[in-house]
Structure formats: C-alpha cells, structure tokens
Amino acid sequence: MTSNTNKEKKQPTESGLRKGLTSYGDKGFSLFLRKAFIKGAGYTNSALDRPVIGIINTGSAFNPCHGNMPQLIEAVKRGVMLAGGLPMDFPTISIHESFAAPTSMYLRNLMSMDTEEMLRAQPMDAVVMIGGCDKTVPAQMMGAASAGLPAIQLITGSMLTGSHRSERVGACTDCRRYWGKFRAGEIDKIEKDEVNDQLVASVGTCSVMGTASTMACISEALGMTVPGGATPPAVTADRIRIAEETGTRAVQMAIDGLTIDKVLTADAFENAMRVLLAIGGSTNGIVHLAAIAGRMGLEIDLEALDQMGDETPVLVDLKPSGDHYMENFHDAGGMTTLLRELKPLLKLDAMTVTGRTLGEEIDAAPPSFKQDVVRKLDNPIYPRGSIAVLHGNLAPGGAIIKQSAANETLMEHEGRAIVFENSEDLANRIDSPDLDVTADDILVLKNIGPKGAPGMPEAGYIPIPMKLARAGVKDIVRISDGRMSGTAFGTIVLHVTPEAAVGGPLAHVKNGDRIRLSVKNREISLLISGEELAKRAKENPVIEPTAERGYLKLFLDTVTQADKGVDFDFLRAVKMVGKTPKR
Ligand code: FES
C-alpha cells in the first residue's frame, strides 16, 4: 500500500487515470471518486498507476466484419500488460456496409464524433482503435486526428475465401459477378442460393481490394499500424500476433508522447495516395483520405494525385483490378513487399507509430522472396495509377474514374444520355423492356451525392439494364454524383462535384443530351453551350434538401462535397495549413 502511494506521488498530474477529471469543483475529490468507482471492478492501486491504454471495441452482432473482436481485444490487452500498461476497452458505434440504412457513409461522421469525444472524455494516454469494415477505420482515424492523443490502428483483417462448385469466390466482387449472372439468366435460383453460402467464408472484411482492404493498406502506408498490420486475415495467428504487438506498441507511444500529429503529416498522406494508386484501391479511399487530411488541416490536391498516377502503376494483382484475394497478398509478404517496390517513390522520412520512419521500417523488413501477387515496377498489371481525375462542364469540382477497373474501349466515348432523376426512378425503370437504351448510351444517375441521397451511397454502380444484360452487354458508361463499392468494376464516373442536389450541372442533364468521356484528356463534358446550361438552371432552380431535426438536419446543414471528404464542415481543422501532396 505504501509503495503504491509513493508511485502516485511520482506520476505526472496529467496522465493515466488523472487525465480529464470529471468536474466537481474539487480535483482531489474527482480523482478520489473515480478511483472508488473503478475499484468496484476490482482494480488495485498498482494497476491504476500505470499508463492507461484505451481499446476501442467495435464488436457488434450486426457487424460480422468485426466478428473476431473478442480475440483481438484479449490479445491487445495481453500486449498492453506485457509492456506495463493498463488496458481499458470501451465501445463506440460500429457500422457494417450491409446493415446500415440508408447507407453506412451517412453514419461515418457520427462514428468519428463518437470516437473523438470518447477519446477526449475518458482518461487514456494512448488508444488502440480496432476497426475493419469500410467506414469504421476512416471514422476512427478522423476522430483520433481531431482528438490528438497517441493513437494506433488495429485492423480486424480480411475474411477467408470460399469455394463454389470448385471455383474460388469471395466478397464482394464475386457477389456482384454472380448477381449479374443471375440477372442475365445465366444461373438459376438454386445456384444463386448455393453461392450465397460461400461468398463470405468466415468473419472478417471483404477479401478483395475493396474499401476495407484499401483502408487497411492506407493505414499501414500512413504509418498508423505496426509493420505488417494491413493484411493478415481475421482468423489467423498472424492477426492475433499483430494485435498483441499493437497493444505493446501503444504503451511505448504513451510513454514517448508519440501523438497522432507526428504521424499524420503531409508526407504520410502522400505515401497513402501513392499506395492507393499502386494497389488499384477503392475510389472511396480518396474521399476518406480527404476527410482524415481535412482533420489535420490539409487539403488533398486532386490534380497532383492525378499526376502521381503517371508515375505510379498498379502493382498489386488483386480483384477487382486483378486476380487474387487479400490472403494471397498476405502470403506474398503483404505491404512490406509493396512498400519495398515503391520505395523510390515514397517519402521515407515519414514517422510511423513504431517511432521509426517508414524508410527505416522498410529497411528492417525481412528479405523479399519469389511471389506472384505484387509485381515489379517495370512489369505492372496496369501501367498507370488506378484512379484518374476528370474535369469539364459536367464536373467543375472534379469527378473520378477507376480506370484500372474500366473497359479500355469505353474510356474514350461519346454517347446519348439516358437520365435517371434519383435512385427510385432508376429502380422503377432500369429493367423495363420499354427503356430506350443501347450499349452505346451513357447512363446518368442524379441525386445520390452527399446531400442528395443523403449520405452518398454506393449506388454509382448502376446495373446494366436488364434487356442489355440479357443480350450479353457487360459494361456501359455510367455517370453519377455517388460512390461505388471498391469491389465493383466497369466504366463508371463517380463523385461528380458539385452534386445535383446542390445545383451542380449534373442536375440539368436531359435525356438525349450528348456527353463526352475522355479519360485520356481527363474530360467529362456535357455537349451543350454555357448559355443553354445557364438557361436550364434558371428555369429549374434546384432546392437543396433540408430536415427539421436530429442527425439528418445536422448532416444536411453541414456536410461537405466529395472533394472535402464528405465530412461535416465544423469537424474539419479550424485552420487549413496546406495541401498534400506538396508540389
Ligand atoms: Fe465489411 Fe465489406 S462489408 S468490409
């Protein structure tokens, strides 16, 4: 008892359990009361004198992508205690793609606010954030970036692949492919139900280079995970070892005061953008990076990102751009193999959560070996970066296309616009035998942007009209102000900014207008005069959506456009300090 009291005296006043005392007007009493309550759970003074490491528990019966949460938390706690810290797990919101209506993106900012405020409100010296499904990792990094304490990301890990009639399958590129086959009448209901059992073969995140895998790789590129933290599948011993290591590392970060602003620098974001291009990553990665960077006072420079694409080929051979799955990427050495290959293009001095720079970590990594998932720079699977940024009178604020997952012959295309005013209009007419559409037309879907839907759903992957699908058409140019899943593929222009719901030019496209897409020239143009466009805007002014109360009101009043990450304007840094990448 005496020695514990001595330790109490030595501890700095603003650490561990003494941080952020509840306001009772008497600090001594606040600490006395806090300790009395926590002792109700059986803690000793010795335990309570150690650095406190928060562990964010996002386990939920509605989130199978986080289904290994109990094992991960146990391993993180072990790592924390091995390093002399006190682990304290606590819950926040958890979001799963298929269980969040109207769309998970609508709730990402709410999760980031939950994360930020719980990190501020509760006493901890560092935090381990456990996330995996698409929106959870960006939400956690956004919140931690604003809270400012030492933070380390732990990824839940990818699911295993399944087997359907001897064919290897995994969510969710194969979900879309098999659904497309069913719509086209190529498989029957029995086979559709059979494959449904195999697409998600275990807990964990989608097994292709979708948004979850993209954000996992980006987290490691940002220096926010321990080396090798991106790729171990959810149910493997490697994933559990990473969890233990993460807990141990968090304690040292707390002792060293390695706060998140030392890791999330402009150079770190540049490395993340480089990796996003080289992995053939999800287009959602851009939106999330813009949101995380915005919390650090940095704007993502889309023009510079496009230029980076000229020198950054796609090297990782994963679906939907390539052939493999995340577990193959892990077997091939994971991000270590990729970062070693990208080394000449990276900002090697960027600090990581290990307290060493990215360059030092690459040099310290195990030697390379023969593998066939990560290509060499001189033998890429796609010669340019996966994502191109488009401009033109249809998207004055920019739009993007995932060129590595697009159809080469459609990337230079002019066609007639077939317009759908919103998702409901699309659902009502897309499969009608009366729809006047050919494979040379361009499908335009309005009002699925940040405010329009609301929440910018992944509805940009407009289905091929039934009559074309049945005729064997596999791709058609599609344009919208929405997003699409990272597991999707096709010649699809997304994130048209400004969106239709706030009066962007997209709102004024009419059936039969001509549209030109030229990825080579980075152009997306509505082929009408400026006068005609202005006349349409005047004749049919757009009334922005509003709400009376609640989170929807907050969302509609404050959400930003895609180029600013679809974050709430009041959550971005008070002062913007620069752009990334620096040019
Ligand atoms: Fe969670 Fe795909 S649904 S990662």
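Before reading on, note that the structure itself is shown above.
What counts and how
Residues numbered from 1 in each chain as written. Predicted model: local features only at pLDDT ≥ 70, side-chain atom pairs only at ≥ 80, totals over all residues. Heavy atoms only, no water. Helix = DSSP H or I, 4+ residues; strand = E, 2+ residues; numbered from the N terminus. Rg over C-alpha atoms; globule rule 2.2 N^0.38 Å. Buried < 20%, exposed > 50% of the residue type's maximum accessible area, 1.4 Å probe, protein only. Contact = heavy atoms within 4.5 Å. Lys, Arg positive; Asp, Glu negative; His and termini not counted. Charge placed at Lys NZ, Arg CZ, Asp CG, Glu CD. Pairing = 2+ DSSP bridges. Axes fitted to C-alpha atoms, helices over the stretch in contact; angles between N-to-C directions. Right-handed = clockwise from strand over helix to strand, strands pointing away. Phe/Tyr/Trp six-rings, centres within 6.5 Å; stacked < 30°, edge-to-face > 60°. Lys NZ or Arg CZ within 6 Å of the ring centre and 35° of its normal. Salt bridge = Lys/Arg side-chain N within 4 Å of Asp/Glu carboxyl O. Expected span 1.5 Å × (residues − 1). Parallel < 35°, antiparallel > 145°, perpendicular 65-115°, else oblique. Nonpolar A, V, L, I, M, F, W, Y, C, P; charged D, E, K, R; others polar. Core = buried A, V, L, I, M, F, W, Y, C linked by side-chain atoms within 4.5 Å.

J.: I'd like to hear about the overall build of the protein chain, residue by residue, with values.
T.: Looking only at helices and strands, the protein chain has 20 helices and 16 strands in total. Here the C-alpha atoms of the protein chain give a radius of gyration of 24 Å, agreeing with the 25 Å that 2.2 N^0.38 yields for 583 residues. Its C-alpha atoms put the protein chain at 85 × 55 × 50 Å along the principal axes. Looking at the protein chain as a whole, 59% of its 583 residues are labelled buried. Sequence separation of 24 or more characterises 76% of the internal contacts of the protein chain that already satisfy a separation of 6 or more. Placing the 64 positive and 71 negative side-chain charges of the protein chain at their respective mean positions leaves the two points 4 Å apart.

J.: Please give an account of the sheet that holds strand 9 (residues 399-402) that cites residues and values.
T.: Read from one edge of the open sheet, eight strands run 8-9-13-12-11-10-14-15, paired in mixed fashion. Single-partner strands in this sheet number two, and they are strand 8 (387-390) and strand 15 (523-526). Looking at each pair of strands side by side, their axes are set apart by 25° on average, direction ignored.

J.: Go over the pairing of strand 2 (residues 86-91), please, and point to the residues and values.
T.: With six bridges connecting them, strand 1 (residues 52-57) and strand 2 associate as parallel partners. Note that in strand 2 the partner of V52 across the bridge is L86. A crossover links strand 1 with its parallel partner strand 2, the connecting element being helix 4 (residues 69-82), and its sense is right-handed.

J.: Report on the packing of aromatic side chains, specifying residues and quantitative values.
T.: Per the stated rule, a full pass over the model turns up ten aromatic pairs. Between Y106 and Y551, the ring centres sit 5.0 Å apart and the planes meet at 70°, which makes this aromatic pair edge-to-face. Remark: Y551 occurs in helix 20 (residues 550-558) and Y106 occurs in helix 5 (residues 104-121); sequence separation between them is 445 residues. By relative accessible area, which is 12% here, Y106 ends up buried. Joined through ring pairs, the aromatic side chains of Y106, Y551, F555, F568 and F570 make up one cluster. In this structure, K181 is placed above the aromatic ring of Y178, and the distance from its NZ or CZ to the ring centre is 4.9 Å. Directly above the ring of F182 sits K192, whose terminal nitrogen or CZ lies 5.1 Å from the centroid.

J.: Help me get a handle on the environment of L31, residues and values and all.
T.: Locating L31 in the fold gives a position in helix 2 (residues 27-39). Of the residues examined, L31 reaches a relative accessible area of 17% and is grouped as buried. Along the primary structure L31 and L21 are separated by ten residues, whereas in three dimensions their C-alpha atoms are 6.7 Å apart. Sequence-distant contacts of L31, that is, excluding residues within four places in its chain, are made with L17, R18 and L21.

J.: Talk me through the pattern of salt bridges; I want residue IDs and the actual numbers.
T.: Evaluation of the coordinates by the stated rule reveals 44 salt bridges. As a salt-bridge pair, K376 and E341 come within 3.5 Å of each other at their nearest N and O atoms. With K376 in the loop between helix 16 (358-364) and strand 8 and E341 in helix 15 (residues 334-342), this residue pair connects regions lying 35 residues apart in the sequence. The exposure class assigned to E341 is buried, which follows from its relative accessible area of 16%. Measuring nitrogen to oxygen at the nearest pair gives 3.4 Å for the salt bridge that ties E458 to R483. Of this pair, E458 sits in the loop between strand 11 (442-445) and helix 18 (466-470) while R483 sits in the loop between strand 12 (477-480) and strand 13 (492-494); the two residues are 25 residues apart in sequence, bridging distant segments of the chain. Here the salt bridges share partners, and the residues they tie into one network are D513, E532, K535, R536 and E539.

J.: Could you give an account of the sheet that holds strand 3 (residues 126-131), naming the residues involved and the relevant values?
T.: With respect to topology, four strands assemble into an open sheet ordered 2-1-3-4, the strand pairing being parallel. Only two strands of the sheet have a single neighbouring strand rather than two, namely strand 2 and strand 4 (151-155). Averaged over neighbouring strand pairs, the angle between their axes works out to 25° when direction is ignored. Sheet topology note: the strand 1/strand 3 ladder contains four bridges and is parallel. Residue pairing across strands places G54 opposite V127, the latter belonging to strand 3. Contacts from helix 6 (residues 136-147) reach strand 1, strand 3 and strand 4 within the one sheet, and its direction differs from that of strand 3 by about 160°. Strands strand 1, strand 3 and strand 4 of the sheet are contacted by helix 10 (residues 237-256), whose axis makes an angle of about 175° with strand 4.

J.: Can you break down helix 4 residue by residue, with the values?
T.: The terminal C-alpha atoms of helix 4, which comprises 14 residues, lie 20 Å apart, in line with the 20 Å expected from a rise of 1.5 Å per residue. Those residues of helix 4 that are buried are in contact with strand 1, strand 2, strand 3, strand 4 and helix 10. One or two steps after helix 4, the chain reaches G84, where phi turns positive at roughly 90°.

J.: Hey, could you go over unusual backbone geometry for me, with residue numbers and the actual values?
T.: The linkage connecting A101 with the following residue, P102, adopts the cis geometry, with an omega of 0°. Note that the residue after A171, namely C172, is joined by a cis bond; omega there is -5°. Residue position: C172 is located in the loop between strand 6 (167-169) and helix 7 (173-183). The residue M456 is not glycine, and still its phi comes out positive at about 50°. Secondary-structure assignment places M456 in the loop between strand 11 and helix 18.

J.: Would you mind going over the packing of helix 7 against helix 8 (residues 189-196) in detail, with residue names and values included?
T.: Orientation of helix 7 relative to helix 8, taken along the N-to-C sense of each, is 170°, at an axis distance of 10 Å. Comparing their axes, helix 8 and helix 7 come out roughly antiparallel. On helix 8, the residues that touch Y178, W179 and F182 of helix 7 are K189, E191, K192 and V195. The residue makeup of the contact of helix 7 with helix 8, split by class, is four nonpolar, no polar and three charged.

J.: Before we move on, could you go through the nonpolar core and cite the residues and values that matter?
T.: With 76 residues, the main nonpolar core has L222, F269, F329 and L338 as its most contacted residues. Here this core takes nine residues from helix 11 (residues 266-278), the largest share from any one element. Of all hydrophobic cores here, the second largest spans 30 residues; its members include L394, A399, V496 and I528.

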